[in-house]
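Observations on chain architecture
Read off the chains here:
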Amino acid sequence: MTEAILLVGGKGTRLRPLTVHTPKPMVPAAGVPFLTHQLARARAAGVEHIVLATSYLAEVFEPYFGDGSALGLHIEYVTEEEPLGTGGAIRNVASRLRSGPDEPVLVFNGDILTGLDIGALVRTHETSGADVSLHLTQVSDPRAYGLVPTDDTGRVLAFLEKPQTPEEIVTDQINAGAYVFRRSVIDTIPAGRVVSVERETFPGLLEAGAHLQGMVDSTYWLDLGTPAAFVRGSADLVLGKAPSPAVPGRCGDRLVLPTARVAPDAELEGGTVVGEGAFVAEGARVFGSTILPGAVIEPGAVVTDSLVGTRARVGERAVLTGAVIGDGAVVGARNELREGVRVWCDARIPAGAVRFSSDQ
């Protein structure tokens with residue numbers, strides 16, 4: 001296997017305001033766009049040619065990655081004029097593939113952080129003779145995912161979308177968002193319309209008697225679809241819990257990019273990232289958080305499990321816990337922002353305007 005399709009066209013609506021100006025795969029995680037980690041891991045597995053299936057803010061990708069040579073790859077870009085779903089996006093880039101009809105093509109979603117052994121998935125595909133092979137992972141609560149029961153040999157038996165009752169939960173195995181397709185199978189996906197691989201392509205292949213093989217790999221896996229998950233994923237990359245050859249520095253409690261400035265008495269822990277040109281002032285404490293390029297954390301502020309957007313500012317002695325601060329926003333001094341709050345891009349919160357405790 002030497003080529004892959006990477007699906008990066010989603011709008012990332014659950015991640016807003018992070019994705020107002022930036023497509024989800026280009027939001028920085030551990031100091032570089034998240035997509036960089038996926039590309040680097042694919043290259044490490046032997047992939048040489050990758051087609052990016054783009055749609056939302058498609059113009060952002062190519063100026064950053066170019067032809068891919070800096071990563072040892074050849075990257076091509078195909079933009080959907082209208083969103084086509086996972087299956088439609090795969091079919092839409094088929095003309096750029098070089099593989100023969102029986103050769104394997106890796107396909108993966110652009111919002112999954114995983115330690116998947118890509119080589120093992122390809123070997124499973126080849127030894128089983130499958131038409132499509134799927135990475136499956138096990139989760140404790142599968143209600144938010146599509147279930148994929150298999151037989152004793154790993155052959156897929158069904159696709160069950162988001163079960164809600166105990167009777168419907170027949171397995172803890174879920175579709176983890178990475179596949180190996182036999183090249184000829186991609187050509188059977190209908191062209192020019194919305195197609196879901198989960199709801200249409202895979203069930204249709206099963207019904208037609210095709211061989212779909214599952215491989216359970218329960219190493220690190222995280223869907224980065226929510227702000228809390230994205231912040232956690234970035235921290236895990238820095239801490240070394242999630243593997244990536246693209247982390248620009250040593251794994252540890254903190255990652256401070258070269259042009260960032262951190263006061264000597266500021267505390268950075270828990271996989272915190274301080275981006276290019278950002279500043280963390282004296283007495284500030286930042287735990288498990290991502291501070292994007294050009295952002296400022298003023299003296300005495302406490303930032304925990306949060307993401308502070310590009311050029312945003314967190315005021316003196318402000319307290320953030322589980323917050324997302326959009327690009328260019330200003331959180332005034334002594335504000336307290338708690339779990340789940342999202343401050344929109346360029347918003348201004350006056351000093352002391354939002355609190356959960358007394359101002360004394």
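Whatever comes next refers back to the structure up there.
One structure accompanies this document, and this report is about it. Just so it is clear, the model here is predicted, and its values are computed rather than measured. Numbering of residues starts from 1 in each chain and follows the order in which that chain's sequence is written. Per-residue local features are limited, in this predicted model, to residues with pLDDT of at least 70; the limit for side-chain atom pairs, both in listing and counting, is 80 or more; totals at the level of whole chains, interfaces and linings are taken over all residues. Only hydrogens and water are set aside when side-chain values are computed; all heavy atoms of the structure are taken into account.

**Concerning the overall build of the chain**
Defined as follows: What counts as a helix is a DSSP run of H or I of at least four residues, what counts as a strand is a run of E of at least two, and both are numbered from the N terminus. Put simply, the radius of gyration uses C-alpha atoms, and a globule should come to 2.2 Å times the residue count raised to 0.38. Relative accessibility thresholds used throughout: buried, under 20% of the residue-type maximum; exposed, over 50%; partly exposed, between the two (1.4 Å probe, protein chains only). We call two residues in contact when some of their heavy atoms are within 4.5 Å.
What the chain contains, in helices and strands, is seven helices and 30 strands. For the chain, whose C-alpha radius of gyration is 22 Å, the value lies close to the compact-globule estimate of 21 Å for 360 residues. Along the longest, intermediate and shortest principal axes, the C-alpha atoms of the chain span 70 × 50 × 35 Å. Per-residue burial for the chain yields a buried fraction of 55% across its 360 residues. Taking the contacts inside the chain whose residues are at least 6 apart along the sequence as the reference set, 51% of them involve residues at least 24 apart.

**A closer look at the pairing of strand E8 (residues 132-138)**
Inclusion rule: Here the rule is simple: two strands pair whenever DSSP picks up at least two bridges between them.
Among the seven residues that make up E8, six are buried, leaving the element largely enclosed by the rest of the structure. Sheet topology note: the E8/strand E11 (residues 173-182) ladder contains six bridges and is antiparallel. By the bridge assignment, Gln138 is partnered in E11 with Gln173.

**Considerations on the packing of aromatic side chains**
Worth spelling out the cut-off: Stacked, tilted and edge-to-face are the three classes assigned to paired rings of Phe, Tyr and Trp, where Trp is represented by its six-membered ring and a pair needs centres within 6.5 Å; plane angles under 30 degrees give stacked, over 60 edge-to-face, the rest tilted. Counting as a charge over the ring demands two things of the Lys NZ or Arg CZ atom: a distance within 6 Å of the ring centre and an angle within 35 degrees of the ring normal.
Taken as a whole and judged by the stated rule, the model has seven aromatic pairs. Aromatic pair Tyr145 and Trp221: ring centres 5.8 Å apart, planes at 70°, arrangement edge-to-face. Note that Tyr145 is positioned in the loop between E8 and strand E9 (146-147) and Trp221 in strand E13 (residues 221-223), a separation of 76 residues in sequence. On the numbers, 5.3 Å between centres and 25° between planes, the contact of Phe159 with Phe202 is stacked. Placement of the pair is Phe159 in the loop between E9 and strand E10 (160-161) and Phe202 in helix H6 (residues 197-207), with a sequence separation of 43 residues. Judged by its relative accessible area of 16%, Phe159 falls in the buried class. Judged by its relative accessible area of 0%, Phe202 is buried. Taken together through their ring pairs, the aromatic side chains of Phe159, Tyr179, Phe181 and Phe202 make up a single cluster. Taking NZ or CZ as reference, Arg261 lies 4.4 Å from the ring centre of Phe279, over its face.

**What to know about helix H7 (residues 227-239)**
Every α-helix winds through 3.6 residues per turn, so residues three or four apart in the chain are directed the same way. Applied cut-off: Helix span, as expected, comes to 1.5 Å for every residue beyond the first.
The end-to-end C-alpha separation of H7 is 18 Å, in line with the 18 Å expected for 13 residues at 1.5 Å each. Counting buried positions along H7 yields 10 of 13 residues, so the element is predominantly enclosed. Restricting attention to buried positions, one finds in H7 the residues Pro227, Ala229, Phe230, Val231, Gly233, Ser234, Ala235, Asp236, Leu237 and Val238. Phi turns positive, to about 90°, at Gly240, one or two residues after H7.

**A few points about the nonpolar core**
Note the threshold: The set of buried Ala, Val, Leu, Ile, Met, Phe, Trp, Tyr and Cys residues whose side-chain atoms join them within 4.5 Å is what this entry labels a nonpolar core.
Ile5, Ile90, Val132, Leu134, Phe181, Phe202 and Leu212 are the most contacted members of the largest nonpolar core, which totals 29 residues. Of all the elements in the fold, those that place two or more residues in this core are strand E1 (3-7), strand E4 (49-54), helix H3 (85-92), strand E6 (104-109), E8, E11, helix H5 (183-186) and H6. Residues in contact with Phe202, not counting those within four places in the same chain, are Val132, Leu134, Phe159, Asn175, Tyr179, Phe181, Val197 and Leu212. One finds Ala263, Val303, Ala312 and Val314 within the second-largest nonpolar core, a separate group that totals 26 residues.

**Topic: the sheet that holds strand E24 (residues 313-314)**
The parallel open sheet is built from six strands, whose spatial order is E15-E18-E21-E24-E27-E30. The open sheet terminates on both sides in strands that have one partner only, identified here as strand E15 (261-262) and strand E30 (348-349). Pairing of E15 with strand E18 (residues 279-280), which is carried by two bridges, proceeds in the parallel orientation. Bridge pairing in E18 links Val262 to Val280.

**Considering the pairing of E4**
Most of E4 sits out of view: six of its six residues are buried. Burial along E4 is two-sided: the face carrying His49, Val51 and Ala53 and the face carrying Ile50, Leu52 and Thr54 are both buried. Two strands pair when backbone bridges link them, and E1 and E4 are joined in this way by five bridges, in the parallel orientation. For Glu3, the partnering residue across the bridge sits in E4 and is His49. Relative to strand E5 (residues 74-79), E4 runs parallel, the two being bridged by six bridges. Paired with Ala53 across the bridge in E5 is Val78.

**Looking at the sheet that holds strand E28 (residues 336-337)**
Taken in spatial order, the five strands make up an open sheet running E16-E19-E22-E25-E28, and their pairing is parallel. Edge positions in the sheet fall to strand E16 (267-269) and E28, since each has one partner strand and no second. Of the strand pairs in this sheet, E16 and strand E19 (residues 285-287) are connected by three bridges, and their pairing is parallel. Among the inter-strand pairings, Leu268 is bridged to a residue of E19, identified as Val286.

**Notes on empty space enclosed by the protein**
It is the rolling of a water-molecule-sized probe over the atoms that shows where space remains empty. Heads up, the condition is: Buried and open spaces are told apart on a 1 Å grid over the protein atoms alone, a cavity being a set of points where a 1.4 Å probe fits but cannot get out and a pocket being an open set with protein on both sides within 12 Å along at least five of seven lines. Residues with an atom within 4 Å of a point are the lining residues. Grid points are joined across faces, edges and corners, and a volume is the space filled by probe spheres set on the points.
Tallying each qualifying case throughout the model produces one cavity of 30 Å³ or more. Reported here for the largest cavity is a volume of approximately 180 Å³. Looking at the largest cavity, it is lined by 16 residues, and the ones nearest its centre are Gln38, Arg41, Phe108, Ile112 and Thr114. Looking at the lining of the largest cavity, the elements that each hand over two or more residues are helix H1 (34-44), E6, strand E7 (112-114) and E11.

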